[in-house]
Amino acid sequence: MGRGNVCVTGRCEGLFYIDNDLFHVYRRDDPNDEDPETRLMDDLEYAELTGGEWYMDEVETEEEQDDIEECFMDGFTRMFRSFCRVHPNKLLKNGAYGDASRRVILESGLFYVCIEDNEWSVAIELVQKKEPYGEPWMENLQQALFEKYLDGMKKCLLDRLPRIGTYKGAWTCGELRREDVYHET
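Definitions and limits used
Residues numbered from 1 in each chain as written. Predicted model: local features only at pLDDT ≥ 70, side-chain atom pairs only at ≥ 80, totals over all residues. Heavy atoms only, no water. Helix = DSSP H or I, 4+ residues; strand = E, 2+ residues; numbered from the N terminus. Buried < 20%, exposed > 50% of the residue type's maximum accessible area, 1.4 Å probe, protein only. Pairing = 2+ DSSP bridges. Axes fitted to C-alpha atoms, helices over the stretch in contact; angles between N-to-C directions. Expected span 1.5 Å × (residues − 1). Polar contact = N/O pair within 3.5 Å; in protein donor to acceptor, adjacent residues only side chain to side chain. Bend = angle between axes of the 7 residues up to and from the residue. Salt bridge = Lys/Arg side-chain N within 4 Å of Asp/Glu carboxyl O. 1 Å grid on protein atoms, 1.4 Å probe; cavity = no way out; pocket = protein on both sides within 12 Å on 5 of 7 lines; lining within 4 Å. Points joined across faces, edges and corners; volume = space filled by probe spheres on them. Nonpolar A, V, L, I, M, F, W, Y, C, P; charged D, E, K, R; others polar.

## So, the environment of Glu147
Item 1. On the secondary structure map, Glu147 appears in helix H3 (residues 137-160).
Item 2. With relative accessibility at 53%, the residue Glu147 sits in the exposed group.

This is the structure:
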């Protein structure tokens, strides 16, 4: 499950990981087949991946990732009307000195929801907006809302995916499975 090399640092921030296995699409290489068989990487055994019959399909992978993002954004903006889609895509720095590796997909007056590549996964992050004058009112309101938003993110992701990763600390992570989360409620 998504390794923890991408993280958030704010007091009212959080993230979930989507493993590449859940959206990387492979197709069987059969020159005689007009409609080649496709599978998610998660559904292939190691021997199948290394056997030379299956190849990563870049177009289908991009479409699958776009569909996951679209389902997430649709569900989350229906759940939380204060968030809206960001057009065109905007980039945020990862930390004060980091590169602009976060792609903002949703935004409210208090938070951004970003996607960041994690090499083994993509991270869906809830990132605090910063008050330009250092006033505490903004963080107080963020603190009252961020857990509700993280729960909504978790629900929207698990509505589309069988499992997601959680951040546990530097280079460590956990996993939430749809059946375990929905069984609890």
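## Notes on the sheet that holds strand S4 (residues 54-56)
Item 1. Strand order in this open sheet of three strands is S3-S2-S4, and the pairing throughout is antiparallel. In this open sheet, the two edge strands, each paired with only one partner strand, are strand S3 (38-40) and S4. The sheet shows a mean angle of 35° between the axes of neighbouring strands, taken without regard to direction.

## As for helix H2 (residues 58-79)
Item 1. The end-to-end C-alpha distance of H2 is 32 Å, a good match for the 32 Å that 22 residues give at a rise of 1.5 Å each.
Item 2. Within the sequence span of H2, burial applies to Thr61, Gln65, Ile68, Glu69, Phe72, Met73, Gly75, Phe76 and Thr77.
Item 3. Between the side-chain oxygen at the start of H2 and the backbone nitrogen of Val59 there is a gap of 3.2 Å, and the oxygen is on Asp57.

## Overview of H3
Item 1. Counted at 1.5 Å a residue, the expected span for H3 with its 24 residues is 34 Å, and the 35 Å between its end C-alpha atoms agrees.
Item 2. Approximately 40° is the largest bend angle found in H3, and it occurs at Leu145.
Item 3. Inspection of H3 places Met138, Gln142, Phe146, Tyr149, Leu150, Gly152, Met153, Cys156, Leu157 and Leu158 among the buried residues, and these make up the whole buried set.

## Considering the pattern of salt bridges
Item 1. Under the defined criterion, the tally for this structure stands at 21 salt bridges.
Item 2. With a closest N to O distance of 3.3 Å, Lys90 and Glu107 form a salt bridge. With Lys90 in strand S5 (residues 84-92) and Glu107 in strand S6 (residues 102-107), this residue pair connects regions lying 17 residues apart in the sequence.
Item 3. Residue classification places Lys90 among the partly exposed positions, given a relative accessible area of 30%.

## So, the layout of surface pockets
Item 1. There is about 190 Å³ of room inside the largest pocket.
Item 2. Here the lining of the largest pocket is composed, by residue class, of three nonpolar, four polar and five charged.

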